[in-house]
Amino acid sequence: MHRLFGKMKKRLLAACLSASLLLGSTAMAALPEIISLQDVKPGMWGTGYTVVDSSGEIRPFDVEVVGILGDNSKMSAKRILVNLYGDLIEETGGAISGMSGSPIYFGGRLAGALSAGYKDMYPTQRIMLTPIEDMLRIWQYPDTLNRTKFPQLDLRKLKAEREKFQAAEAKKEADGKAASDEHEDASVAVPDEHEDASVAVLDEHEADPVADTEVAEVQDAAAEAEKDAAAEAEKDAAADVLADTEEKNTYFASGFGSKGMKLLQEGMGRLGMKLDYDNVWDAGASVMQARPDAVLEPGSPVGVALSVGDFSFGAMGTVTAVDDKKILAFGHPYTHRGNVNYFMTDAQVISTIHGPTNGMKLGNVNGIIGRINQDRQDGVGGILGQMPQTVPVIVTVHDRDTGRSVTYNSMLAYDEEVVSVLAPVVVYSSISNTLDRQDGSTASLKFSLRSNYGEKGLIERRNMFYDAEDVAKVSIGELNDILGVILGNKEKEPDLLDLKVDVTVERGRKTATLISAVPSKKDVLPGEKITFDTTIQPYRGEKIKVTVPYTVPKAQAPGNLALDVHGGGLVNVAKILLAQQAAIDAGVNMDEEPPVSIQLQDMLASNCNNEIIIESTVVVPKNDDELKESIKKAKKQAEQLAKQESNNAGRNNNAPQEPAPVNKAATEYIIENIIHTNVNVLEMK
């Protein structure tokens, strides 16, 4: 009788609390009264709240305290162990993915968030809660990543721009005019390359929620907060109570396709995220709207996204607490990267699905509503109405075989690891989705990356690629390498502004084989410019003549000069090894990486796959004596050349510097082989 009365009392309390949550949704939310962990005792009954269907109703479920874990050590991750009951739990099959962050109340006071369960166990039993006391510390951590020189996107202006675009489109449709050009896709409000990058942005003072006079105070608090961060790191290391558990959040992805998802799964491992490809649902969110005035309440669904737009990726969980514009959610980390800049999105639950040991919420995400700025052991924190720093990625793919051209627009959260993982995956998925086939194809790809590197802040690269199975995968290799170099710079931030990629793909093999290379002169002088008439044989095509310029090295010794004629994608390993050996002999530490600017310069100056290259043949030494002799000869030639250039400079200091010789020519085919030729170098008189 007492047990029945207790349940009736709890349900009445739950109904009253649920009503208060709903009535308070239109007002500014405030943090409710909390219950301390020391006041939570085994046998206590409470109520949790979450959304499980398309009604959007925040529904209650019953919670019974079993005990407290990790309460005997300051380094342990304290958790409240509970059992779950009620109609909602029977409907969902237990605590399912997407319920992470569901607020739990005892006697109307907030105790914490549902966060994790044990793997391969029934999800209705022994679920863990993260205490609200630990979660509240998330709001105390320093937030410095969004205080940069970058202009910040304004959610209100972003929304206004989208509404303006939609109105213009509606007018065009009414007037019977053609749809706007696909390059003006406003799904993510990315500025056109001819527009100023400050379109729809705030200036620095508007973007910074903390006034200049408060910055010093924030910085002073940062030192104290970092001590807390160190303590949290110790706590993480000793958090044995979390071993072999699974967090109750749900990953969503949109636009990537099956092949893109597999590549995404590999990349997310670098961020410490164990992405289960089979349990990621398609959010169906190709268009992300801005909702700067969105309101969240405890128990409502919320999303954390690393990318939005045509390619979206993130996780859905539940809001634990709201205080004005600040929110707490999940009750566990997402990427656990501390102070972050991720998208906060709304989320709409459609339904749930479950099996014997787990389940998940299914739904959609539709709008950017704020910024997630903290990702900690005990949950995530964010700010409503604020926009994270972003990197727009615009990819245009042309399929020559179908005549189809598609432009994809996405925004990536400005996090260097996130960009390095997601940018290549977005480009890959754009190509793969447009082609909708997996066969032998050739791609011509150009990318433009605006940052504080390159001439006038622009890095550009164009190349051709062929692969018999997946040309999209080989096409992203150079972009991947360049992003890795600049994002891995230990000296300065790359200040990425945006990435634009244009790629044309056609079915078939656009490769060619070199047949011959005949010099315009057989006898030449050091420094003389000549040409080679080369013949290439395209795959299943007619022979083609290509003229390639060549300049004889100024310090070339008299006699036979053996030359290699080859495709730009073929690397002369012997030449590289000799250069490395010469550098070692000169005292260069090969373990030290060259400066990023030099690495980038070498990458951008490297030969393209569709170029014909002519260079001196490197004879591979047969023994150490021959190796030493070849290095000695190379040094002597370099010294002679340096002396000659010094004399020339002394005669005319104002003379323009002669550009480096271009011993190559571009073709419309990927050159696959190497041939040999020679000229006779005469002695200078």
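No experiment lies behind these values; they were computed from the predicted model shown.

### What about the sheet that holds strand β27 (residues 523-524)?
Item 1. Read across the sheet, five strands follow the order β27-β34-β30-β31-β32 without closing on themselves; strand pairing throughout is mixed. In the strand order of this sheet, the two ends are held by β27 and β32 (664-666), each with one partner.

### So, the pairing of strand β10 (residues 250-254)
Item 1. The buried fraction of β10 is high, at five of five residues.
Item 2. Bridge count for β10 against strand β14 (residues 312-323) is five bridges, and the pairing is antiparallel. In the strand pairing of β14, Tyr251 is matched with Ala315.

### Thoughts on the nonpolar core
Item 1. Ranked by size, the top nonpolar core spans 96 residues in total, and within it Phe256, Leu306, Phe313 and Tyr334 carry the most contacts.
Item 2. Of all the elements, helix α8 (residues 416-435) adds the most residues to this core, at 11 residues.
Item 3. Membership of the second largest hydrophobic core comes to 22 residues, among which are Val524, Leu561, Leu563 and Tyr669.

### Thoughts on the confidence of the model for the protein chain
Item 1. For the protein chain, per-residue confidence averages 79 on the pLDDT scale, and residues scoring 70 or more make up 68% of the total.
Item 2. The low-confidence segment residues 1-27 (pLDDT under 50) makes 22 contacts with residues lying over four places distant or belonging to another chain.
Item 3. Long-range and interchain partners of residues 179-241, a stretch whose pLDDT sits below 50, account for 92 contacts in this model, where long-range means more than four residues apart.

### So, the environment of Val474
Item 1. Here Val474 lies in helix α9 (residues 471-475).
Item 2. A sequence separation of 31 residues divides Val474 from Ala443, and the C-alpha atoms of the two residues are 9.4 Å apart.
Item 3. Not counting residues up to four positions away in its chain, the partners in contact with Val474 are Phe465, Tyr466 and Asp467.

### Looking at the packing of aromatic side chains
Item 1. If you walk through the whole model with that rule in mind, you get six aromatic pairs.
Item 2. With 5.7 Å between their ring centres and 75 degrees between their planes, Tyr49 and Tyr105 make a pair best called edge-to-face. Remark: Tyr105 occurs in strand β4 (residues 103-106) and Tyr49 occurs in strand β1 (residues 45-50); sequence separation between them is 56 residues.
Item 3. Since its relative accessible area comes to 0%, Tyr49 is described here as buried.
Item 4. An angle of 90 degrees between the planes, with centres 6.1 Å apart, marks the rings of Tyr334 and Tyr342 as edge-to-face. Take Tyr334 and Tyr342: they sit in the same class, and that class is buried.
Item 5. Pairwise contacts between aromatic rings join Phe256, Phe311 and Tyr408 into one cluster.
Item 6. Taking the ring centre of Tyr141 as reference, the NZ or CZ of Arg376 above it sits at 3.7 Å.
Item 7. For the cation-ring pair, Arg509 lies above Tyr539, with the distance from its terminal atom to the ring centre recorded as 4.8 Å.

### What about α8?
Item 1. Helix length check: α8 (20 residues) gives 29 Å between terminal C-alpha atoms against 28 Å at 1.5 Å per residue, within 8%.
Item 2. Burial of α8 is extensive: 17 of the 20 residues sit out of reach of the surface.
Item 3. Structurally, the start of α8 carries an N-cap: the backbone nitrogen of Glu417 is 3.0 Å from a side-chain oxygen of Asp415.
Item 4. Trailing α8 by a residue or two, Asp436 shows a phi angle of about 55 degrees, which is positive.

### With respect to the environment of Leu499
Item 1. For Leu499, the position within the fold is in strand β25 (residues 498-507).
Item 2. For the pair formed by Leu499 and Met411, sequence separation is 88 residues and the distance between their alpha carbons is 10.0 Å.
Item 3. Residues contacting Leu499, with those up to four places away along its chain left out, are Pro392, Val393, Ile394, Ala423, Phe447, Ser448, Leu449 and Leu479.

### A short note on the side chain of Ser100
Item 1. Mapped onto the elements, Ser100 comes out in the loop between α2 (87-92) and β4.
Item 2. Residue Ser100 is classed as buried on the basis of its relative accessible area of 0%.
Item 3. Engagement of the side chain of Ser100 in a polar contact is seen with the backbone oxygen of Ser115, the distance being 3.4 Å.

### A closer look at unusual backbone geometry
Item 1. The backbone of Asp324 shows a phi angle near 60 degrees, a positive value even though the residue is not glycine.
Item 2. Within the fold, Asp324 resides in the loop between β14 and β15 (326-329).
Item 3. Looking at Asp324, the relative accessible area reads 40%, which means it is partly exposed.
Item 4. Residue Asp495 is not a glycine yet carries a positive backbone phi of 55 degrees.
Item 5. With respect to the secondary-structure elements, Asp495 resides in the loop between α10 (477-487) and β25.
Item 6. Classification of Asp495 as buried rests on a relative accessible area of 12%.

### Some remarks on the sheet that holds strand β28 (residues 529-538)
Within a sheet, each strand pairs with its neighbour through backbone hydrogen bonds, oriented either parallel or antiparallel.
Item 1. Spatial strand order, β29-β28-β26-β33: four strands in an open sheet with mixed pairing. Each having just a single partner strand, β29 (544-551) and β33 (670-671) make up the two edges of the open sheet.
Item 2. As defined by bridge partners, strand β26 (residues 511-519) adjoins β33 across two bridges and the pair is classed as parallel. If you follow Thr511 over to β33, its bridge partner there is Ile670.

### Re the pattern of salt bridges
Item 1. Under the defined criterion, the tally for this structure stands at 19 salt bridges.
Item 2. Among the salt bridges present, the one from Asp399 reaches Arg437, with a minimum N-O distance of 3.1 Å. Pair noted here: Asp399 is in strand β21 (residues 390-399) and Arg437 is in the loop between α8 and β23 (441-455), with a separation of 38 residues, a long-range link.
Item 3. Here Glu528 and Lys521 are joined by a salt bridge, their closest N and O atoms 2.6 Å apart.
Item 4. Given the relative accessible area of 38%, Lys521 is considered partly exposed.
Item 5. Overlapping salt bridges, with partners in common, bring together Asp399, Asp401, Arg437, Asp439 and Arg507 in one network.

### Looking at the side chain of Ser102
Item 1. The residue Ser102 is located in the loop between α2 and β4 in this model.
Item 2. Apart from residues lying up to four places away in sequence, Ser102 is in contact with Tyr49, Thr50, Phe61, Gly112, Ala113, Leu114 and Thr318.

### Section: helix α7 (residues 257-268)
Item 1. With 12 residues, α7 extends 16 Å between its outermost C-alpha atoms, agreeing within 8% with the 16 Å of an ideal straight helix rising 1.5 Å per residue.
Item 2. Taken together, the buried positions of α7 are Gly260, Met261, Leu263, Leu264, Gly267 and Met268. Seen along its axis, α7 keeps its buried residues to an arc of 165 degrees; they face one direction.

Thresholds applied
Residues numbered from 1 in each chain as written. Predicted model: local features only at pLDDT ≥ 70, side-chain atom pairs only at ≥ 80, totals over all residues. Heavy atoms only, no water. Pairing = 2+ DSSP bridges. Helix = DSSP H or I, 4+ residues; strand = E, 2+ residues; numbered from the N terminus. Buried < 20%, exposed > 50% of the residue type's maximum accessible area, 1.4 Å probe, protein only. Core = buried A, V, L, I, M, F, W, Y, C linked by side-chain atoms within 4.5 Å. pLDDT = per-residue confidence, 0-100. Contact = heavy atoms within 4.5 Å. Phe/Tyr/Trp six-rings, centres within 6.5 Å; stacked < 30°, edge-to-face > 60°. Lys NZ or Arg CZ within 6 Å of the ring centre and 35° of its normal. Expected span 1.5 Å × (residues − 1). Polar contact = N/O pair within 3.5 Å; in protein donor to acceptor, adjacent residues only side chain to side chain. Salt bridge = Lys/Arg side-chain N within 4 Å of Asp/Glu carboxyl O. Arc of directions from axis to C-beta.

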